[in-house]
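Breakdown of the fold
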Amino acid sequence: MSLQEELTAFQDCLDDLLRTVGRLERSLARLRGAEAGPAPLEAAGGTGPAGGVITISETPYDATLWTDSDDEGLGVRGRHAP
């Protein structure tokens with residue numbers, strides 16, 4: 001192998017190394033971003049507080065919301081299986 005061929009092979013290896021290091025740096029940056037956790041609801045377009053805690057009222061839901069709904073595999077209210 002001539003000196004020029006060796007230098008070309010060395011340059012190819014160096015280019016491969018630089019591409020690999022670049023991919024590793026991008027992966028590390030993504031991991032660091034994921035480590036920060038999900039964005040707060042306000043930043044993500046939600047309506048909850050920045051801490052991500054949403055308070056749900058203890059008052060019962062309006063019963064008319066469930067009119068004509070099926071009972072999870074039990075069928076429609078007032079009807080019975082044959």
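This text goes with the structure placed above it.
Here goes a summary of the coordinates provided. (Residues numbered from 1 in each chain as written. Predicted model: local features only at pLDDT ≥ 70, side-chain atom pairs only at ≥ 80, totals over all residues. Heavy atoms only, no water.)

What about the overall build of the protein chain?
Stated formally: Where helices and strands are cited, they refer to DSSP runs of H or I of at least four residues and of E of at least two residues respectively, numbered from the N terminus. Accessible surface area values rest on a Shrake-Rupley calculation with a 1.4 Å probe, where residue burial reflects the displayed protein chains alone.
Across its full length, the protein chain carries 1 helix and 0 strands. For the protein chain, the exposed surface amounts to about 7,800 Å²; the carbon and sulfur share of it is 60%.

A look at the pattern of salt bridges
Filter applied, for reference: A pair is scored as a salt bridge if a Lys or Arg side-chain nitrogen falls within 4 Å of a carboxyl oxygen belonging to Asp or Glu. Exposure categories follow from relative accessible area, calculated using a 1.4 Å probe and restricted to protein chains: below 20% of the type maximum is buried, above 50% is exposed, and the middle band is partly exposed.
Counting across every chain of the model gives 1 salt bridge. With a shortest N-O distance of 2.1 Å, R19 and D16 are connected by a salt bridge. Taken together, the residues span about one helical turn, with R19 and D16 both in helix 1 (residues 3–35) at a distance of 3 residues. Judged by its relative accessible area of 41%, D16 is partly exposed.

Let's talk about the environment of T20
The condition that has to hold: Polar contact criterion, stated in full: a pair of N or O atoms within 3.5 Å, where within protein one must be able to donate a hydrogen and the other to accept it, and residues adjacent in sequence count only if both atoms are side-chain atoms.
Position of T20 relative to the elements: it lies in helix 1. For T20, a relative accessible area of 33% gives the class partly exposed. Of note is the side chain of T20, whose polar atom sits 2.9 Å from the backbone oxygen of D16.

By themselves, these observations are geometric and do not establish any function.
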